[in-house]
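Below, each chain spelled out in residue letters.
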Amino acid sequence: MKMKFVNIAIVLFVSLFLAGCPNDDDNNNDDTSDPQEVTLIVQSGTWRITYFYDSDQDETGNFSGYSFSFNDDGTLVAVNSNTTVSGTWSVTNSSSSSSSSGPDFNIFFNVGPDDDFEDLNDDWDIISATTNKIELIDISGGNGGTDYLTFER
């Protein structure tokens, strides 16, 4: 009887210990808000927009089929089967007027006001950045609307 109790106690202890251990399978996906690290992450490979919410509606479909390349010279290129749109990008420390203390992810496409890519032009606050996903947010100073933008590999 005593041996059975000891075996049960050992199994419970090991189970609780293993349940409390963090999962290290995704070491390459640790969130970062360091501007240099975000810059290195985004320059590696191509990205696609998996979510874009512009103040009051989901506009993700406007960028369906586009691959985004963030080049080390600060140029940004979005390409789909028959269209190429060029712009610039950077990651900078946020200005003192920003509500966020983290870095800004700056995007600028030189397009007209009615172009879908104009909606991406902003100094986005970084919610999270991993090797496979970058989540951004912008709270408009004018109308108070909140925009969300997510890039994934």
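See the structure printed just above.
Residues numbered from 1 in each chain as written. Predicted model: local features only at pLDDT ≥ 70, side-chain atom pairs only at ≥ 80, totals over all residues. Heavy atoms only, no water.

(A) Fine view of the packing of aromatic side chains. On inspection of all chains with the given rule, the structure shows 14 aromatic pairs. Between Phe-52 and Trp-124, the aromatic rings sit 6.3 Å apart at their centres with planes inclined by 70 degrees, giving edge-to-face as the arrangement. With Phe-52 in strand β1 (residues 46-54) and Trp-124 in strand β7 (residues 122-129), this pair connects stretches of sequence that are 72 residues apart. Under the relative-accessibility criterion, Phe-52 is labelled buried at 0%. You can call Trp-124 buried: its relative accessible area is 0%. Judged by centre distance (5.1 Å) and plane angle (85 degrees), the ring pair of Phe-63 and Phe-117 falls under edge-to-face. Here Phe-63, found in the loop between β2 (57-58) and β3 (67-70), pairs with Phe-117, found in the loop between β6 (103-109) and β7; they are 54 residues apart in sequence, far enough to count as distant. Like Phe-63, the residue Phe-117 is buried in the burial classification. (Phe/Tyr/Trp six-rings, centres within 6.5 Å; stacked < 30°, edge-to-face > 60°. Helix = DSSP H or I, 4+ residues; strand = E, 2+ residues; numbered from the N terminus. Buried < 20%, exposed > 50% of the residue type's maximum accessible area, 1.4 Å probe, protein only.)

(B) Spotlight on the pairing of strand β8 (residues 133-139). The pairing of β7 with β8 spans four bridges and is classified as antiparallel. From the neighbouring strand, Asp-125 faces β8, where its bridge partner is Ile-137. Hairpin connection of β7 to β8: three residues between the antiparallel strands. (Pairing = 2+ DSSP bridges.)

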